[in-house]
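Working through the structure, step by step
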Amino acid sequence: MKTQLERHENALLKQENDKLRAENMAIREAMRSPMCGSCGSPAMLGEVSLEEQHLCIENARLKDELSRVYALATKFLGKPMSILSAGTMLQPNLSLPMPSSSLELAVGGGLRGLGSIPSAATMPGSMGDFAGGVSSPLGTVITPARTTGSAPPPMVGIDRSMLLELAISAMDELVKLAQIDEPLWLPSLNGSPNKELLNFEEYAHSFLPCVGVKPVGYVSEASRESGLVIFDNSLALVETLMDERRWSDMFSCMIAKATVLEEVTSGIAGSRNGGLLLMKAELQVLSPLVPIREVTFLRFCKQLAEGAWAVVDVSIDGLVRDQNSATASNAGNIRCRRLPSGCVMQDTPNGYCKVTWVEHTEYDEASVHQLYRPLLRSGLAFGARRWLAMLQRQCECLAILMSPDTVSANDSSVITQEGKRSMLKLARRMTENFCAGVSASSAREWSKLDGAAGSIGEDVRVMARKSVDEPGEPPGVVLSAATSVWVPVAPEKLFNFLRDEQLRAEWDILSNGGPMQEMANIAKGQEHGNSVSLLRASAMSANQSSMLILQETCTDASGSMVVYAPVDIPAMQLVMNGGDSTYVALLPSGFAILPDGPSGVGAEHKTGGSLLTVAFQILVNSQPTAKLTVESVETVNNLISCTIKKIKTALQCDA
């Protein structure tokens, strides 16, 4: 493979050289009989001397650029390249001078020479099987860069070779972080067997900062966790991570928005190996007290060995020196930067994929509420534990849904397979709309209402949006309100209470004061807490029909959610028969539950509390042009306050 890549590379270089040599000959021929551009008569030699001088300057610049490209390629290959002599260097074209980005290196090569730690071949640990793949160079291939979308390239003024060097350095650091144990990684204080925290002092001695020195006032969070994921193979997982749409769908509760700004390199020979993307994402915690993390980063993919891959992310802040920060484009967002983070994946013979996830971030916590600072510092909000737990839950859900027995045994209705898919699709849209209403992502056009009413607490975020001819939403003015509180109840106990349809009357006004009946239940995992269900509330009178509520519950090692919305009975009958759920109107409400810090995780910590986020979306006026009134804002605020009070009373934690 190495020989074939070198032959392919030499062929491309020869083709480029032949092309420019022909252009050079055409220029020389034109210079022998120059013509005046204005009158068309033969020009004197003295009239083209300035042009010759410009050609010499341009030629010297191109020679210098080509020398730097060869030097960079030699570094990645680990040996000198067989290049053309300096006397046959390429000549420029008069009308089309070569831009500095005309040659791009898509590297799948080795990671030698980076950092102060020995190569992966000498590293002990769980990734020892990858040693040969990490240290052996796979060669280079020269390909043109492609820009996705219509937006201009965002990295104007930055040499592509610098992007590539940063990506290679970050990949080297990630693989080493995935391999080395103590003293670089220390066991988690909360007793989790798979979660580890970074020893920052040892890290500073072992690695050079590839994104620059940590800004003053920033705090660090870093964690590592490993586990098995139900996935066909590591390559299928790589394809998910390298596709921004599939990536954001897989981690929909954490990623509010993801965009590929530019595809710097597409990979070697049509594969993902060596693929390099410039991306932008908005990362969220489901709480109005935690601003969104907006990060611009490189994502680099590397095949370490047969059945072993790594995908690394690293912020480009170190390259954008003339900007304050690529992550601070919105004043209300957390200013942060992502140090080399990502995952290393290896196929296993039993149909699972072993994943080692590393997260390392530096951020300014000044804009984070005091209630959530311990959670963020522990890595439970954005750390490796949350990424891996969500990946495991989503993959388990996909595996369950592919099996024929999707509906649970206590299902009292007959739902076709198409009906299951349609119902799950509707529940997914409901949950995504719920998350968007909590985090205030730019993906949805919510307008914050600051100081809308004097009675609204400072910890309550109120937003409004006008819905006009949007499928799946009722037309009119939609109001969203969300807040977060601390509850002295363990997260698991709080989650079980909120999802229990028999106890719903204790906090939900939609229950009409009585227990609800579960009409259908579609399991989304081995745990009973991961499911989509259809509930029916008791009718208030004999003349009134009962109400249906669509509910989705999600839980994993990092947190839980309960999201619900009232739905129209005829519309749900259509969905359960396999009809299109796109036009079913719903406005979601619900809860997000997180531990209050390291002490709130694990069965042995019964005294730990929960961080509960309560959010409601209501239609305050069916006319999109209507004005938003103070009374509407106070109504939804009172609804939140009343619901929180009822929950605390039911759980006997009013104090």
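Residues numbered from 1 in each chain as written. Predicted model: local features only at pLDDT ≥ 70, side-chain atom pairs only at ≥ 80, totals over all residues. Heavy atoms only, no water.

Re the overall build of the protein chain
Summing up its helical and strand segments, the protein chain has 13 helices and 21 strands in all. A buried classification covers 54% of the 655 residues belonging to the protein chain. Here the analysis covers contacts within the protein chain between residues at least 6 apart in sequence; of these, 70% occur between residues at least 24 apart. Carbon together with sulfur atoms contributes 54% to the accessible area of the protein chain, which is approximately 29,000 Å² in total. (Helix = DSSP H or I, 4+ residues; strand = E, 2+ residues; numbered from the N terminus. Buried < 20%, exposed > 50% of the residue type's maximum accessible area, 1.4 Å probe, protein only. Contact = heavy atoms within 4.5 Å. Areas by Shrake-Rupley, 256 points an atom, 1.4 Å probe, with all protein chains shown as cover.)

As for the pattern of salt bridges
Summed over all chains, the structure comprises 21 salt bridges. With its nearest N and O atoms 3.0 Å apart, the salt bridge here joins Asp172 to Lys176. Linking Asp172 with Lys176, this pair stays in helix α4 (residues 160-179), spanning four residues, or about one helical turn. Pair check on accessibility: Asp172 and Lys176 agree, each one buried. In this structure, Glu294 and Lys280 form a salt bridge, with 2.9 Å as the shortest nitrogen-oxygen distance. Residue Glu294 is located in strand β8 (residues 293-305), and its partner Lys280 is located in strand β7 (residues 276-283); the two are separated by 14 residues in the primary sequence. Residue classification places Glu294 among the buried positions, given a relative accessible area of 3%. The partly exposed category is assigned to Lys280, whose relative accessible area is 30%. Among the ionic contacts, a cluster of salt bridges with common partners joins Arg245, Asp249, Arg428 and Glu432. (Salt bridge = Lys/Arg side-chain N within 4 Å of Asp/Glu carboxyl O.)

What to know about the confidence of the model for the protein chain
Scored by pLDDT, the protein chain has a mean of 76; 73% of the residues are at 70 or more. Every residue in residues 406-412 scores below 50 in pLDDT, and together they form 17 contacts with partners more than four places removed in sequence or on other chains. (pLDDT = per-residue confidence, 0-100.)

Observations concerning the UniProt feature "coiled-coil region" (unreviewed entry) in the protein chain
Per the UniProt entry, the sites bearing "coiled-coil region" (unreviewed entry) are residues 3-30 in this numbering. Measuring from the first to the last C-alpha atom of residues 3-30 gives 41 Å, for a span that is 100% helix and 0% strand. (UniProt positions renumbered as here; feature names shortened; annotations may be inferred.)

As for helix α10 (residues 417-439)
For an α-helix, 3.6 residues make a turn, and residues three or four places apart therefore share a direction. Between its first and last C-alpha atoms α10 spans 33 Å; for 23 residues at 1.5 Å apiece the expected length is 33 Å, and the two agree. Most of α10 sits inside the fold, with 17 of its 23 residues counted as buried. Downstream of α10 by a residue or two, Ala440 has a phi angle that is positive, lying close to 60 degrees. (Expected span 1.5 Å × (residues − 1).)

As for unusual backbone geometry
Cis peptide bonds are those with omega within 30 degrees of zero, and the linkage from Glu182 to Pro183 qualifies with 5 degrees. Residue position: Pro183 is located in the loop between α4 and β3 (185-187). Positioned with a positive phi, Gln652 is a non-glycine residue whose angle comes to about 60 degrees.

Re a nonpolar patch on the surface
A contiguous nonpolar surface patch, about 240 Å² in accessible area, is contributed by Leu228, Ile230 and Tyr352. Structurally, the position occupied by Ile230 is in strand β5 (residues 219-230). What makes Ile230 partly exposed here is its relative accessible area of 34%. (Patch = residues over 30% accessible without salt bridge, like charges linked within 9 Å, V, L, I, M, F, W, Y side chains within 5 Å.)

A few points about the packing of α10 against helix α12 (residues 569-576)
For the pair α10 and α12, interaxial distance at closest approach is 7 Å and the crossing angle is 130 degrees. When the axis of α10 is compared with that of α12, the two are oblique. Residue-level inspection shows Gly419, Ser422, Met423 and Leu426 of α10 in contact with α12, the latter providing Met572, Val575 and Met576. In terms of residue class, the contact of α10 with α12 is made up of five nonpolar, two polar and no charged. (Axes fitted to C-alpha atoms, helices over the stretch in contact; angles between N-to-C directions. Parallel < 35°, antiparallel > 145°, perpendicular 65-115°, else oblique. Nonpolar A, V, L, I, M, F, W, Y, C, P; charged D, E, K, R; others polar.)

Details of the environment of Cys397
On the secondary structure map, Cys397 appears in helix α9 (residues 384-402). Cys397 gets classed as buried once you look at its relative accessible area, which sits at 7%.

Let's talk about the pairing of β8
With respect to burial, β8 is a largely interior element, eleven of its 13 residues being buried. Taken together, the eight bridges between β7 and β8 define a ladder with antiparallel strand orientation. In the sheet register, Glu282 faces β8, and the bridge partner there is Glu294. (Pairing = 2+ DSSP bridges.)

Considering the packing of aromatic side chains
Summed over the entire model, instances satisfying the criterion amount to eight aromatic pairs. Between Trp507 and Phe591, the aromatic rings sit 5.0 Å apart at their centres with planes inclined by 85 degrees, giving edge-to-face as the arrangement. Of this pair, Trp507 sits in the loop between α11 (491-499) and β16 (517-523) while Phe591 sits in strand β20 (residues 589-595), placing them 84 residues apart in sequence. Here Trp507 matches Phe591 in class, with each residue buried. Connected via pairs of aromatic rings, a cluster forms that spans Trp247, Phe251, Phe297, Trp357 and Trp387. Stacked on the ring of Tyr363, the Lys or Arg Arg293 has its end atom at 4.4 Å from the ring centre. The ring of Phe297 is capped by Arg338, whose NZ or CZ atom sits 6.0 Å from the centre of that ring. (Phe/Tyr/Trp six-rings, centres within 6.5 Å; stacked < 30°, edge-to-face > 60°. Lys NZ or Arg CZ within 6 Å of the ring centre and 35° of its normal.)

So, the sheet that holds strand β19 (residues 559-567)
With antiparallel pairing, nine strands are arranged side by side in an open sheet as β13-β14-β15-β21-β20-β19-β18-β17-β16. Because the sheet does not close on itself, it has two edges, and the strands there are β13 (447-448) and β16. Bridge analysis of β19 against β20 gives five bridges, and the strand direction is antiparallel. Across the sheet, Val563 pairs through a bridge with Gly590, a residue of β20. Here α10 sits on the sheet and contacts β14 (460-467), β15 (476-487), β16, β17 (531-536), β18 (548-556), β19, β20 and β21 (610-621); the angle it forms with β18, its principal contact strand, is near 75 degrees. Against the sheet, α11 engages β18, β19, β20 and β21, with an angle of about 165 degrees to β20.

So, helix α13 (residues 630-650)
Between the first and last C-alpha of α13 there are 30 Å, a value that for 21 residues agrees with the 30 Å anticipated at 1.5 Å per step. Regarding α13, the residues found buried are Ser632, Val633, Val636, Asn637, Ile640, Thr643, Ile644 and Ile647. All buried residues of α13 fall inside an arc of 140 degrees around its axis, so they share one side. Seen from the buried face of α13, the exposed residues on the opposite side, beyond 90 degrees, are Glu631 and Lys645. Gln652 sits one or two residues past α13 and shows a positive phi near 60 degrees. (Arc of directions from axis to C-beta.)

Things to note about the nonpolar core
In terms of nonpolar packing, the biggest core is built from 80 residues, with Trp247, Phe251, Met345 and Tyr372 touching the most fellow members. Broken down by element, the residue count for this core peaks at eight residues, all from α10. No fewer than three residues from each of domain 1 (160-320 + 336-402) and domain 2 (417-651) sit in this core. Here Phe251 is in contact with Leu241, Trp357, Trp387, Met390 and Leu391, once residues within four sequence places are set aside. By size, the runner-up hydrophobic cluster in this structure holds 34 residues, among which are Ile180, Leu184, Trp185 and Ala222. (Core = buried A, V, L, I, M, F, W, Y, C linked by side-chain atoms within 4.5 Å. Domains from an automatic or database assignment.)

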